[in-house]
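Structural overview
As a plain string of letters, each chain reads:
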Amino acid sequence: MDERDEALAALQARVALLERQIEALAGQMLPAEQHWRGGPPAHPRPRPGRNVFRSSPACRQSHFETGWFAWWCTQLGAHPGYHRKLWELVFICQALHERGLLIEGSRGLGFGVGREPLSACFAARGCMITATDQAADGAVDTGWAGSGQHAPGKVALSRPALCPPDVFDRSVSFRPVDMNAVPDDLQGYDFCWSACALEHLGSLQAGMDFIARSLETLRPGGVAVHTTELNLTSDELTLSEGGTVLYRRRDLQTLVERLRADGHRVMPLDLDAGDGPVDRYVDIPPYRNDPHLRLSVAGFVTTSVGVIVQRAD
């Protein structure tokens, strides 16, 4: 490729980026403020749901306006705002609950837990939890140590309002784990989870390999629940390597086919990201706290997606 061809290719890439940014800006201006101010309307009968997630879904506004979403927000000590990170936590709770796994004596393994409240929430229900996150020196190298989202140890996961300290202390253990090299001695768990961690493992392939590896930590019939980034802009262009990657529809379909070929049961993909007023809002940097269901990353519009897998018997 000569210099003219290189210049043309660079210009085309720049035009494509600008087109995506313009599209994101247009989406950012769509909803009227009354659609999101104060978060979802109060639900008259909050309660955990039954058979809610028989699929692997994308985050969407309608989920936030249900009784099960309101109930889990209360269990997590969270205000029910329109934020996709809150959706990820609620999705994991509801998916595990309706599969009968948040019960006395159930063993759970959390990956890349950061400072999320799930370990305490699950321990309060009688689960025995092994929480893991990147080792301290690795977190410094990758920048997570200063982000306020890395767990340096067990104490960072304690939530006295959710779980009595004595219950938490005997029910939760912590160890540093590299999600790209999960130790062989982590096995026999009833369930495992991660909340938007696997897209930070360096590449699309690394994240998919992690999901496959996470199933090996489970007993036969155990359940893995993971969330990651869904590229809503393109099924061709994406961020495929680096500190954050964005999964396209075709990447997730490839993952499902791989896991099913290995005999695992994967809940079918439901990648409908909704068309409500809050769904159509695209948050742009500097990001706001509410609403924040879709956001622009490097010109791509993305949201959260969940994957539910049951290990082969």
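Each remark here, short or long, concerns the structure printed above.
Let me sum up the structure you'll find in this document. Not measured: the values here are computed from a predicted model.

What counts as what
- Sequence order as written defines the numbering, with residues in each chain counted from 1.
- Per-residue local features of the predicted model are confined to residues with pLDDT of at least 70, and side-chain atom pairs are confined, for both listing and counting, to 80 or more; whole-chain, interface and lining totals are unaffected and use all residues.
- Side-chain metrics rest on all non-hydrogen atoms present in the structure, leaving aside hydrogens and water.
- Secondary structure elements are defined from DSSP: runs of H or I of at least 4 residues count as helices, runs of E of at least 2 residues count as strands, and each element is numbered from the N terminus.
- Relative accessibility thresholds used throughout: buried, under 20% of the residue-type maximum; exposed, over 50%; partly exposed, between the two (1.4 Å probe, protein chains only).
- Throughout, a residue-residue contact means that at least one pair of heavy atoms, one from each residue, lies within 4.5 Å.
- Residue burial considers only the protein chains on display, and all accessible areas are found by Shrake-Rupley using a 1.4 Å probe.
- For this document, the term salt bridge refers to a Lys or Arg side-chain nitrogen within 4 Å of an Asp or Glu carboxyl oxygen.
- Strand pairing is assigned whenever DSSP detects at least two bridges linking the two strands.
- Where helices are involved, their axes are fitted lines through C-alpha atoms of the stretch in contact, as for all axes, and angles between N-to-C directions lie from 0 to 180°.
- Note that the term roughly parallel is reserved for angles under 35 degrees, roughly antiparallel for angles over 145, roughly perpendicular for angles of 65 to 115, and oblique for everything else.
- Gly counts as polar in this scheme, as do all residues outside two lists: the nonpolar Ala, Val, Leu, Ile, Met, Phe, Trp, Tyr, Cys and Pro, and the charged Asp, Glu, Lys and Arg.
- Helix crossings are classified by the rotation of the near helix relative to the far one: an anticlockwise turn of less than a right angle makes the crossing left-handed, while a clockwise turn makes it right-handed.
- Residues grouped as a nonpolar core are buried Ala, Val, Leu, Ile, Met, Phe, Trp, Tyr and Cys residues, joined through side-chain atoms within 4.5 Å.

**Digging into the overall build of the protein**
When helices and strands are counted, the protein shows 10 helices and 13 strands. The proportion of buried residues among the 313 residues of the protein is 52%. Put simply, 71% of the contacts in the protein that link residues at least 6 apart link residues at least 24 apart. A total of about 14200 Å² of accessible surface is found on the protein, and carbon and sulfur atoms cover 51% of it.

**Observations regarding the environment of Cys192**
Looking at the element boundaries, Cys192 is found in strand β5 (residues 189–195). What Cys192 contacts, discounting residues up to four positions off in sequence, is Leu109, Phe111, Ser214, Thr217, Leu218, Val223, Ala224, Val225 and His226.

**With respect to unusual backbone geometry**
For the peptide bond that leads from Pro285 to Pro286, omega is -5°, which places it in the cis range. Of note, Asn51 is a non-glycine position whose phi angle comes to about 50°, a positive value. The topology assignment puts Asn51 in the loop between α1 (3–28) and β1 (56–57). Residue Asn51 is classed as exposed on the basis of its relative accessible area of 55%. Phi is positive for Cys196, which is not a glycine, with a value near 45°. With respect to the helices and strands, Cys196 occurs in the loop between β5 and β6 (202–203).

**Some points on the pattern of salt bridges**
When the charged atoms of two side chains lie near each other, side chains of opposite charge can form a pair. The full count for this structure, using the stated rule, is 15 salt bridges. Here Asp209 and Arg258 are joined by a salt bridge, their closest N and O atoms 2.8 Å apart. Here Asp209 is found in helix α8 (residues 204–215), whereas its partner Arg258 is found in helix α9 (residues 249–261), with 49 residues between them in sequence. A residue is classified by how much of its surface remains accessible, and Asp209, at 33% relative accessible area, is partly exposed. One connected set of salt bridges, linked through shared partners, spans Arg54, Glu98 and Arg99.

**Some details on the pairing of strand β12 (residues 294–297)**
By the alternation rule, side chains of β12 split into Arg294 and Ser296 and Leu295 and Val297, which are all buried. Where strand β11 (residues 282–283) lies against β12, 2 bridges are found, and the strand directions are parallel. By the bridge assignment, Val282 is partnered in β12 with Arg294. Bridge analysis of β12 against strand β13 (residues 300–310) gives 3 bridges, and the strand direction is antiparallel. When the bridges of β13 are listed, Val297 appears paired with Phe300.

**Quick notes on helix α3 (residues 67–75)**
Two residues of an α-helix separated by three or four positions point the same way, owing to the 3.6 residues in each turn. Within the span of α3, buried status applies to Gly67, Trp68, Phe69, Ala70, Trp72 and Cys73. Those residues of α3 that are buried lie in contact with α2 (61–64), α4 (84–97) and α5 (118–123). One or two positions beyond α3, positive phi appears at Gly77, with a value near 65°.

**So, the packing of α3 against α4**
Packed helix pairs are characterised by how far apart their axes lie and by the angle those axes make with each other. One way to put it is that α3 packs onto α4 with a least axis distance of 10 Å and a crossing angle of 100°. By the angle between their directions, the pair α3 and α4 is classed as roughly perpendicular. Of the residues in α4, those touching α3 at Trp68, Phe69, Trp72 and Cys73 are Leu86, Trp87, Val90, Cys93, Gln94 and His97. Considering only residue class, the contact of α3 with α4 consists of 8 nonpolar, 2 polar and no charged.

**Here we look at the packing of α8 against α9**
In contact at an axis separation of 11 Å, α8 and α9 are set at 30° when each is read in the N-to-C sense. Of the possible angle classes, the one that applies to α8 and α9 is roughly parallel. The handedness of the crossing between α8 and α9 is right-handed. Contacts between α8 and α9 pair Leu204, Gln205, Met208, Asp209, Ile211, Ala212 and Leu215 from the former with Asp251, Leu255, Arg258 and Leu259 from the latter. Tallied by class, residues from the contact of α8 with α9 come to 7 nonpolar, 1 polar and 3 charged.

**Describing the side chain of His63**
With respect to the helices and strands, the residue His63 is situated in helix α2. The exposure class of His63 is buried, given its relative accessible area of 8%. Beyond its immediate chain neighbours, meaning those up to four positions away, His63 contacts Phe53, Pro57, Ala58, Trp68, Phe69 and Trp87.

**Considering the nonpolar core**
In terms of nonpolar packing, the biggest core is built from 44 residues, with Ile92, Leu96, Phe122 and Phe191 touching the most fellow members. Mapped by element, the contributors of at least two residues to this core are α3, α4, α5, β3 (128–133), α7 (165–171), β5 and β7 (218–231). The element that contributes the greatest number of residues to this core is α4, accounting for 9 residues. Here Phe191 is in contact with Leu96, Leu101, Leu102, Ser106, Arg107, Gly108, Leu109, Phe122, Cys127, Ile129, Leu218 and Val223, once residues within four sequence places are set aside. Residues Val182, Ala206, Tyr247 and Val307 belong to the second largest nonpolar core, which totals 34 residues.

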